[in-house]
Amino acid sequence: MEEKKSAKPHSILWKDRTEGSVAGVIDVLSFDENMVVLQTEQGTLTVKGKNLHIGRLELSSGEVKMRGSVDSIVYSGSNPAKKGSLMKRMFR
């Protein structure tokens, strides 16, 4: 019997474009002072800005806290909620 992993709830909370947190993080793919790339339950999340720092990283709970000047937050990749064949989605 295969055991399913329960998806962590995904959310983003940002205050004044200077500090925030992301929940539902699976992995940190890369980071530097200008860009942080996170693998989340909803796809790849890229945060771009200046002086970005990861203050706390807890992959067991799926939470990342960051600070710095944020210019953009962009999702890429597939959204797991949208998975399935085109035909299956058309004939729901």
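Coordinates for the structure precede this section.
A brief structural summary.

## Looking at the nonpolar core
Core analysis: the biggest nonpolar cluster contains 12 residues, these being W14, V22, V25, V28, V36, L38, L45, V47, L52, V64, M66 and V70. Going through the elements one at a time, β3 (25-31), β4 (35-40), β5 (43-58) and β6 (63-76) are the ones with two or more residues in this core. Once residues lying within four places of it in the same chain are set aside, the contact partners of V47 are W14, N34, M35, V36, L52, M66, V70, S72 and I73.

## Notes on the pairing of β4
When β3 meets β4, the two strands line up antiparallel, connected through five bridges. Within β4, the residue paired with V25 across the bridge is T40. Between β3 and β4, which pair antiparallel in sequence order, lie three residues.

## As for the environment of S60
Tracing the backbone shows S60 in the loop between β5 and β6. Taking the C-alpha atoms as reference, S60 lies 8.6 Å from I26; in sequence the two are 34 residues apart.

## Overview of unusual backbone geometry
Trans peptide bonds make up the majority, and among non-glycine residues the majority have a negative phi. Phi angles above zero are rare outside glycine, and D16 is one such case at about 50 degrees. Within the fold, D16 resides in the loop between β1 (11-15) and β2 (19-23). Its identity is not glycine, yet R17 carries a phi of approximately 55 degrees, on the positive side.

## Thoughts on the sheet that holds β3
Judged by pairing direction, the sheet is antiparallel, and its six strands sit side by side in the order β1-β2-β6-β5-β4-β3 without closing on themselves. Two strands bound the open sheet, and with one partner strand each, they are β1 and β3. Here the average twist between neighbouring strands, direction ignored, is 35 degrees. Where β1 meets β2, five bridges bridge the pair, whose relative direction is antiparallel. Each residue of the ladder has a partner; that of I12, found in β2, is V22.

Conventions we followed
Residues numbered from 1 in each chain as written. Predicted model: local features only at pLDDT ≥ 70, side-chain atom pairs only at ≥ 80, totals over all residues. Heavy atoms only, no water. Core = buried A, V, L, I, M, F, W, Y, C linked by side-chain atoms within 4.5 Å. Buried < 20%, exposed > 50% of the residue type's maximum accessible area, 1.4 Å probe, protein only. Helix = DSSP H or I, 4+ residues; strand = E, 2+ residues; numbered from the N terminus. Contact = heavy atoms within 4.5 Å. Pairing = 2+ DSSP bridges. Axes fitted to C-alpha atoms, helices over the stretch in contact; angles between N-to-C directions.

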